[in-house]
Structures are given as C-alpha cells and as structure tokens.
Amino acid sequence: MPFRNPLALLGLLSIIPLIIIYLIRPRPKEIRFSATQFLREGEAERSAVLSRLINDPLFWVQLLVLCSLSVAAAGPFTVETGPASSHLVVVLDGSASMQASSPALQQIDPYLDKYQRISVVLAESMPLTVLSEGSPTEARNALLRLKPKAVSADLSSAMTLAGSLLAGEGGHMLVVSDFISWIGDDPDATRKILQADGRLSIVFADTYQGGDNLALVEAWDVPGPGYVNHTALVHNYGPARAVPITIRGPSGATASRTVQMAGGADYYLSFTAYPGVNEISLDLEDAIAWDNRAYVYVPDLARKRVLYQGEEGPALAALRSLPNVQVETSGEFNGFDLIVVARNSSLDGKLNRYIDGGRVIFIASDQESPEYLPVRVTGEQAGPASLWVRSVGFAKGVHFDEIGLFRFPEAVSRKGSTTMIEANGQPILTYWRLGKGMVIYSGLEMDSDFYLRPEYPIFWYQMVSWITGVPDIMESNRRTGEMIHLGETAQVETPSTSLAASTLLLDEVGVYRFQGKAVAANIYDPKESSLQRKNGVDAGAFVGGSRETIVEKDLSNWIIALAALALLLELAIMQRRRET
C-alpha cells in the first residue's frame, strides 16, 4: 500500500512508551489469608506484569489508536483506473473589443454548476491562468474581477494553455469571445487540433453585439529642435457625426476643435507636441472608450552636457557626432549631465561625491579599478571571446556576436549590479545604481574592433540617451500589448496603480513611469476598434463520453474512523472500570 507521507510512519514508535508504561505500572497489593485450597502446588505461573500486558484490553485498544493515527497521517491510498471527474476550463477574451460585447458572465454562468472543477484562463496578448481547478463559487468570484484590457487577445495561445490544464484526463473547454479579431493562430483551427484525439470538447460562446465606434487608429512623429510634429489618424466606424477634439499640452494648456466626419471617413489631426505628456481626447461616448484617448510623450530634447576625461579615442569621436550632445574635456563635475571616464583619466575624489546623484560611463582599460564600478576588475584575459547577451537593454540593434575582442578585463559582478553582456563568462557591459546616480561599466573597448563597426556610434547614442533619461521618441511611445524588459525589479507607476516588476506588460492606455523614465501606451489597433465581423461563429457542442484516468483513492478517512471507534471503546472500558 503506497503512502503520500511515509515519514509519518515514524509515529509508530509511540507504541514503545505505551509498552513501558504498562510494564512499570504498580503491582497489585498482597493480601494474606489462611486458606490454602486456592494454592496450586508445582504449577508454573506467568509473570504478573506480562499477564497484565497481554490480558488488559485497554492496552490493545490504545495500541490500535496509536497505530491507526500514525498510518492515517502517512496518507495511505490505492491506485486504480476509474472515470475522470468533470473539469471545465473557461477561456475568456480580455481584449479591448470585449468592452462593447454582452456581459461574458451571462454566457458562462449556466455552465458553472454542472462541473466539479473549473479553471479560468484569461486571453490577452499573453495568456494567464487566473484559477486552477476551483469550485463554481470560486470561478464566479474570479470572473467578476476580470475586466477587458486595452490589448488584442491571442485566443489560440490561451486555448493551448487551457488544453494543457486538461491534458491528463480530458474535459470541456468554453471559449468566450466576440471573435472580432485576434493575434496568433486562428482559434477555429486550434480547436480542430485540440479536439483531434477525442479527449477534449470545445464550445465557442459568442458575445458579439457590434456597435458604433470612432477611434484614434494610428500616429506618426517627426522630431524637431526641442519639439515633435505629431500627426494622429482618426477613423469613424459609425454614422456621420460631429467630433469634438481636445488637445492638452504638458503645461495644461488646451486647444479644442470640432470636426464633421462622414461615416467611414478619416481625419488627420496634426499639432506640435512639446517635452512632457501631451494628450489627445475625442470627447464623445461610443462603444470603446480606450481608443478615444491617446498620449504623446516627448522626452527632454534639451542639449546634454558631457564631460570626457582621459585620452582621446573612438568614444570621444562618437560622442562628438551625436545630436543634442555638447562634449567638453574639462570643467567641474556638477555642471555636466554625464561623465565619461576613459584611459588615463585622473581618479579625482570629487567624482565619488558626484556619482551619488550623477551619471558615469566608465570605459575599462588598464587603469585602476575604482570602488564605484558595478564590477571588481581582477585582471585581464586574452581573446578571442564569445559575447553572450543576457539583457539587451539600451543596446538594441547591436550585433555583439560579430565584435572581435582580442583582450578584455577579467571582472566579477558586484551585488546589486545588472550584467547586460558577458565575454567568456566575464561581465563586459554592466550597470548599477548608486543612490540617485548610475554607473555603466564597459569593457568592450580595451582591445577590440568594435569602433570599426557601423553600430558603434548608434551604441553610444542609445547608451547616452538611456543613462541621461532621453530615450528615442519611438521607444517613449508604444502600443498596448507590448512587453518591456526592465532588466531589474523596479517600481512602476501604471495609469491605474503602482507595482514592482522586472517585466512590464502595457495593457492600459496612458503613461507608465519607471526608472526615471516615462512611456506612453496607446491602443492604435484598427481591427480591434472596428467592431466589424465578416463571418459568424460555429459554437459547437460539448460531446459526452466516458473518460478514464488513474484515480487515487484515499484510505485515511477509513483509518481515522477506526481510530475514533477505538477511542470510544477505550472510554467505555474506563467507564466500566470506574476509572473516569
């Protein structure tokens, strides 16, 4: 007989104290009497102690209780083939268009009480298991908390995840969606694949009800000197109407206009967006609210002052080629946005005080390794080296696998640092935060051909922009549904809440703030906003049938019941002896 917790059988050792207690119990008193007719001459008698141990029923009852409880705690069970219990997995579409659909719970609720176990999978740009094998009540509570997000849904991936929850024994899957649009594979094709072996049965619950909608569906930015020329495309999916539009700038100043739009018409809205958060609002009520609002974040485009210390080299030439960057080779640290420390630079103690709130890029060479670095340099290694990208971060678009390293620093990462690139297992591009400041360590330029590659000035542009908080305009304005890898766990302010995360999913329209940066997210999805569907949906039907699986039958309850009966018997014996 198998046990779930065999270590609990050690509880059987408790019978040893029980035996000892019965062995050392006081013997009965001797009473002298004159009659000898009861004495049996020459007959061997058993020890009184052993006789009491064997003949006392209370001992055997207590022994049964101890053994039963120990075995029950070990979790005995049997394994046999039997019918699988009923299991329903609900796949709920969490895309933006579901805001215009009939309430999903109305479609789901009639099914819930028919199943013993219910799981819930939310289909967004990435599927999420919300509930695993809960009760109908737990499923209702979970579904009430779920709301559509400003994203498109990958229904196929969500169905595949739901299929994995049913893989062991089979079951039913209910896919609740308006089936207007999706990303990934066609959900109907996925249904045919999942149902091929006959263990799964899938039903599509259609929540589509259409509606009139008007939406911001696309945008373009053209950077200028200290501003951005922004153009947004408005499309009317409903009847002709007057559309009031409000544009709000970073200072709070607003500009309003009303545009007459025919059904199916486009309107191109152009304005100048200044550094900070700019907002566009279509001031009307329609089927989907998220696509009536858009945000344009323009990073600070002011010229950055960079102090370069050390010998002139390719890094200095790259810095001087960058737009909006003023490079100097002397001056007080506090007057600069960034300090670049190169070969043969002086290790001034003032730099240590600057770092607590400033920004430093350290180009490793054969100079001393200061304590403010995110690594501890211990020596040098000879190349060639294989570069491995752990976190691409600001170095997006650089082909590190094509860089030739002929000599590079040997280093050890410090606690709290983030390594982006490794060379033969050694940290070669690493950063960390010191107070409100930041230090980037780069060992890519000690002896390499990196500076000969066309990505070299791009690398410096992206690194300088990132460390000084000036991301590219495209990086600062994203579409909802995108994923941002932060490289470390950071506090993030979303449009609705605050959370700690190392990977950020943009599932709301608005501005996200993290690591001293801001990113605007907008839905910009014509398919999701159109609320138009060409074809109907084949709902299908659940197919019944016996499904067998390996079933474990727990025996603990029976053994606990035996122990309870033994306890009752013990109480009865003690009552009879008047020991209670």
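**Student:** Is there a simple way to explain the side chain of Thr-190 in this structure?
**Tutor:** For Thr-190, the location among the structural elements is in helix H7 (residues 187-194). When its relative accessible area of 7% is taken as the criterion, Thr-190 is described as buried. Residues contacting Thr-190, with those up to four places away along its chain left out, are Ser-156, Met-159, Thr-160 and Asp-185.

**Student:** Explanation requested: the sheet that holds strand S15 (residues 325-328) in the structure shown.
**Tutor:** Taking strand neighbours across the sheet as the criterion, the eight strands line up as S15-S14-S16-S17-S23-S22-S21-S19 in an open arrangement whose pairing is mixed. Two strands bound the open sheet, and with one partner strand each, they are S15 and strand S19 (387-389). Neighbouring strand axes in the sheet, compared pairwise and without regard to direction, differ in orientation by 20° on average. Here strand S17 (residues 359-363) pairs with strand S23 (residues 437-442) via five bridges, running parallel. Along S23, the bridge assignment pairs Val-360 with Val-439. Across the face of the sheet, helix H10 (residues 456-467) comes into contact with S15, strand S16 (338-341), S17, strand S22 (426-434) and S23 while running at roughly 150° to S17.

**Student:** Which parts of the structure should I look at to understand the layout of surface pockets?
**Tutor:** Which parts of space are left empty comes out when a probe the size of a water molecule is rolled across the atoms. Taken as a whole, the largest pocket encloses approximately 690 Å³ of empty space. Looking at the largest pocket, it is lined by 27 residues, and the ones nearest its centre are Gly-393, Phe-394, Trp-466, Glu-475 and Arg-478. Sorting the residues of the lining of the largest pocket by element identifies H10, helix H11 (473-476), strand S26 (483-493) and strand S29 (517-522) as the ones contributing at least two each. Per-element accounting of the lining of the largest pocket gives the leading share, five residues, to S26. Approximately 400 Å³ is the volume found for the second largest pocket. Taken together, 18 residues form the lining of the second largest pocket, with Phe-179, Ile-180, Trp-182, Arg-533 and Lys-534 sitting closest to its centre. Looking at the lining of the second largest pocket, the elements that each hand over two or more residues are H7 and helix H12 (526-530).

**Student:** Explain the nonpolar core to me, please; I cannot follow it from the model alone.
**Tutor:** Generally speaking, nonpolar side chains in soluble globular proteins are found buried as a group. Residues Phe-459 and Trp-460 are the most contacted members of the largest nonpolar core, which totals 40 residues. At seven residues, the largest contribution of residues to this core is made by H10. In terms of nonpolar packing, the next biggest core, distinct from the first, is built from 22 residues, Ala-232, Ile-245, Ile-247 and Leu-301 among them.

**Student:** Just to check I follow, could you spell out the pattern of salt bridges for this structure?
**Tutor:** Side chains bearing opposite charge may pair, as long as their charged atoms lie close to each other. Under the definition given, this model contains 18 salt bridges. With a closest N to O distance of 3.0 Å, Glu-488 and Arg-433 form a salt bridge. Of the two residues, Glu-488 sits in strand S26 while Arg-433 sits in strand S22, which places them 55 residues apart along the sequence. Close ionic contact of Arg-478 with Glu-475 constitutes a salt bridge, the shortest N to O distance being 2.8 Å. Residue classification places Glu-475 among the partly exposed residues on the basis of a relative accessible area of 32%.

**Student:** I keep staring at empty space enclosed by the protein and nothing clicks. Help me out?
**Tutor:** One pass over the full model with this rule turns up one cavity of 30 Å³ or more. Its volume calculated, the largest cavity comes out at about 40 Å³. Phe-362, Ala-364, Ser-365, Gln-367, Glu-368, Ser-369, Leu-373 and Val-377 are the residues that line the largest cavity. A class-by-class count of the residues in the lining of the largest cavity yields four nonpolar, three polar and one charged.

**Student:** What's the story with the packing of aromatic side chains in this structure? I'm lost.
**Tutor:** Here the distance between the centres and the angle between the planes together describe a pair of aromatic rings. The tally for this structure, following the rule as stated, stands at 11 aromatic pairs. With a centroid separation of 6.1 Å and 45° between ring planes, the pair formed by Phe-333 and Tyr-354 is classed as tilted. Taken together, the positions of Phe-333 in the loop between S15 and S16 and Tyr-354 in helix H9 (residues 349-355) put the pair 21 residues apart, joining distant regions of the chain. You can call Tyr-354 buried: its relative accessible area is 7%.

**Student:** How should helix H3 (residues 57-73) be read in this particular structure?
**Tutor:** Residues three or four positions apart in an α-helix share a direction because the helix packs 3.6 residues into each turn. Along its 17 residues, H3 runs 25 Å from first to last C-alpha, staying within 8% of the 24 Å computed at 1.5 Å per residue. What H3 keeps buried is the set Leu-58, Phe-59, Val-61, Gln-62, Leu-63, Val-65, Ser-68, Ser-70, Val-71 and Ala-72. Looking one or two residues beyond H3, the residue adopting positive phi is Gly-75, at roughly 70°.

**Student:** Would you take a moment to explain the pairing of strand S14 (residues 304-309) for this structure?
**Tutor:** Across the six residues that make up S14, a large majority, five, are buried. One ladder, built from four bridges, connects S14 with S15; its direction is parallel. Following the sheet pairing, Arg-305 is matched in S15 by Gln-326. In this fold, the crossover linking S14 to S15 by way of helix H8 (residues 314-320) has right-handed handedness. Judged from the four bridges that link them, S14 and S16 form a sheet pairing that is parallel. Within S16, the position partnered with Leu-307 by the bridge is Ile-339.

**Student:** Teacher, can you tell me more about a nonpolar patch on the surface here?
**Tutor:** On the surface, a cluster of nonpolar side chains totalling about 790 Å² of accessible area is made up of Leu-7, Leu-10, Leu-13, Ile-16, Ile-19, Ile-20, Leu-23 and Ile-24. The residue Leu-10 is located in the segment before helix H1 (15-23) in this model.

**Student:** Could you clarify how one ought to interpret the sheet that holds strand S20 (residues 405-413) in this entry?
**Tutor:** As a general point, the strands of a sheet are linked pairwise by backbone hydrogen bonds and lie either parallel or antiparallel. Read from one edge of the open sheet, three strands run S18-S20-S24, paired in antiparallel fashion. Two strands in the sheet have a free side with no partner beyond their single neighbour: strand S18 (375-382) and strand S24 (447-448). The pairing of S18 with S20 spans seven bridges and is antiparallel. Bridge assignment links Val-375 to a residue of S20, and that residue is Ser-413.

**Student:** So what exactly am I meant to see when it comes to unusual backbone geometry here?
**Tutor:** Of note, Glu-133 is a non-glycine position whose phi angle comes to about 50°, a positive value. Counting through the fold element by element, Glu-133 comes out in strand S4 (residues 128-134).

**Student:** I'm lost on the environment of Val-464 in this one. Help?
**Tutor:** Mapped onto the elements of the fold, Val-464 is located in helix H10. Look at Val-464 and you get buried, because its relative accessible area is 3%. Sequence separation between Val-464 and Ser-530 is 66 residues, and the spatial gap between their C-alpha atoms is 41 Å.

Definitions and limits used
- The residue numbering used here restarts from 1 in each chain and proceeds along that chain's sequence as written.
- Totals for whole chains, interfaces and linings use every residue, but because this is a predicted model, local features are given only for residues with pLDDT of at least 70 and side-chain atom pairs only at 80 or more, for both listing and counting.
- Neither water nor hydrogens contribute to the side-chain values; these are computed over all heavy atoms in the structure.
- Each helix corresponds to a stretch of at least 4 residues labelled H or I by DSSP, and each strand to a stretch of at least 2 residues labelled E; elements are numbered beginning at the N terminus.
- Only protein chains enter the area calculation, which uses a 1.4 Å probe; residues under 20% of their type maximum are buried, those over 50% are exposed, and those in between are partly exposed.
- Throughout, a contact is declared for two residues whenever any of their heavy atoms are within 4.5 Å.
- Pairing between strands requires that DSSP locate at least two bridges from one strand to the other.
- Lines are fitted to the C-alpha atoms to define the axes, a helix being fitted only along its stretch in contact, and any angle between axes, read from their N-to-C directions, falls within 0 to 180 degrees.
- A 1.4 Å probe that fits but cannot get out identifies a cavity on a 1 Å grid over protein atoms alone, an open set with protein on both sides within 12 Å along at least five of seven lines counts as a pocket, and a residue lines either if it has an atom within 4 Å of a point.
- Grid points are joined across faces, edges and corners, and a volume is the space filled by probe spheres set on the points.
- We call a set of buried Ala, Val, Leu, Ile, Met, Phe, Trp, Tyr and Cys residues a nonpolar core when their side-chain atoms join them within 4.5 Å.
- Salt bridges, as used here, are contacts in which a Lys or Arg side-chain nitrogen is within 4 Å of a carboxyl oxygen on Asp or Glu.
- Nonpolar residues are Ala, Val, Leu, Ile, Met, Phe, Trp, Tyr, Cys and Pro. Charged residues are Asp, Glu, Lys and Arg, and all others, Gly as well, are polar.
- For Phe, Tyr and Trp, rings pair up if their centres lie within 6.5 Å, where Trp contributes its six-membered ring, and each pair is then called stacked (planes under 30 degrees apart), edge-to-face (over 60) or tilted (otherwise).
- A helix's residues, less one, multiplied by 1.5 Å, set its expected span.
- With strands facing away from the observer, any crossover in which the path from the first strand over the helix to the second runs clockwise is taken as right-handed.
- Two joining distances apply to patches: 9 Å for like charges and 5 Å for nonpolar side chains (Val, Leu, Ile, Met, Phe, Trp, Tyr), and every residue must have over 30% relative accessible area and no salt bridge.
- Methods summary: accessible areas were calculated by the Shrake-Rupley approach with a probe of 1.4 Å, and residue burial reflects only the protein chains presented.

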